[in-house]
Amino acid sequence: MTVTARELLEKARTDLAPGEHENRLVPLIAAGAADRKALAALAAEQHRIIVSDWRSFLVLASRCADPAAGAFFSGLAAGEGLALDNLGKFAKAAGLDEQALRDHQPQAGCQAYPSYLAWLALNGEPTDVTLAVVANFAAWGNYCRAVAAGLREHYGFDDDGCSFFDFFAAPAPDGDEPAIAAVQAGLDAGHGTDAAFEYGRLIQSYELMFWNTLAELA
């Protein structure tokens with residue numbers, strides 16, 4: 001029986017979902033128990049990640065032969081660009097100015113995720129990468145939703161200060177359709193998805209490494 005792109009996407013989300021207690025930092029922020037220095041570090045590390053991921057998605061878009069796949073990654077790159085302005089507002093609310101962002105010394109555990117995404121941009125089959133990143137976005141969106149709630153309730157952040165997390169917590173305007181179109185185009189072209197779950201497992205591991213590295217500051 002032929003598996004559809006939509007079915008593959010749902011399977012990736014289910015199989016690659018993180019365990020409830022694997023992320024150590026988000027529950028601390030949600031409960032107001034994280035130190036503010038962890039919030040500042042979160043902003044600074046994310047600044048490097050967003051800029052790197054923006055470039056990675058553009059590289060992936062340029063490697064796609066199919067217009068639907070290219071449009072999917074171009075859309076992700078555009079989203080990173082929009083998020084960057086909101087990230088500046090979060091950084092300011094966390095006590096960081098432009099100079100502090102530049103002076104921040106990145107931690108390896110936080111930068112493993114964008115480094116791997118950059119590797120995927122050069123080496124990964126776009127169909128596999130699409131499944132892997134969309135599976136991760138589900139977890140990332142849930143984390144952002146919990147962080148935004150915690151920042152408002154316990155740290156006094158206003159809507160501007162939370163806008164970065166609100167942006168990623170909100171459902172995508174077009175839902176899953178761009179990702180489904182990209183995956184289906186790959187399937188129609190004869191591409192397999194053997195590596196998708198390997199990519200997704202590593203992305204999710206690096207995602208957790210990011211949060212848990214910051215948890216050491218909390």
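Attention here is on the structure that accompanies the text. (Residues numbered from 1 in each chain as written. Predicted model: local features only at pLDDT ≥ 70, side-chain atom pairs only at ≥ 80, totals over all residues. Heavy atoms only, no water.)

This paragraph deals with the packing of aromatic side chains. What the rule picks out here adds up to 14 aromatic pairs. Their ring planes at 50° and their centres at 6.0 Å tell us that Phe-90 and Phe-157 sit as a pair that is tilted. Here Phe-157 lies in the loop between helix H7 (126–154) and helix H8 (159–169) and Phe-90 lies in helix H4 (residues 67–93), a separation of 67 residues in the sequence. Looking at Phe-90, the relative accessible area reads 1%, which means it is buried. Ring geometry for Phe-164 against Phe-165: centres 5.1 Å apart, planes inclined by 85°, an arrangement best described as edge-to-face. Assessed through its relative accessible area of 0%, Phe-164 is described here as buried. Overall, the relative accessible area of 0% leaves Phe-165 in the buried class. Ring-pair connections join several aromatic residues into one group, and the members of that group are Phe-90, Trp-140, Tyr-143, Phe-157, Phe-164, Phe-165, Phe-167, Phe-168, Phe-210 and Trp-211. (Phe/Tyr/Trp six-rings, centres within 6.5 Å; stacked < 30°, edge-to-face > 60°. Helix = DSSP H or I, 4+ residues; strand = E, 2+ residues; numbered from the N terminus. Buried < 20%, exposed > 50% of the residue type's maximum accessible area, 1.4 Å probe, protein only.)

The next point concerns the pattern of salt bridges. On inspection of all chains with the given rule, the structure shows seven salt bridges. With its nearest N and O atoms 3.1 Å apart, the salt bridge here joins Arg-6 to Glu-177. Of this pair, Arg-6 sits in helix H1 (residues 5–16) while Glu-177 sits in helix H9 (residues 177–188), placing them 171 residues apart in sequence. Judged by its relative accessible area of 43%, Glu-177 falls in the partly exposed class. For Lys-11, the salt bridge is made with Asp-15, and the minimal N-O distance between the two is 2.7 Å. (Salt bridge = Lys/Arg side-chain N within 4 Å of Asp/Glu carboxyl O.)

Geometric descriptors of this kind do not, in isolation, establish any biological role.
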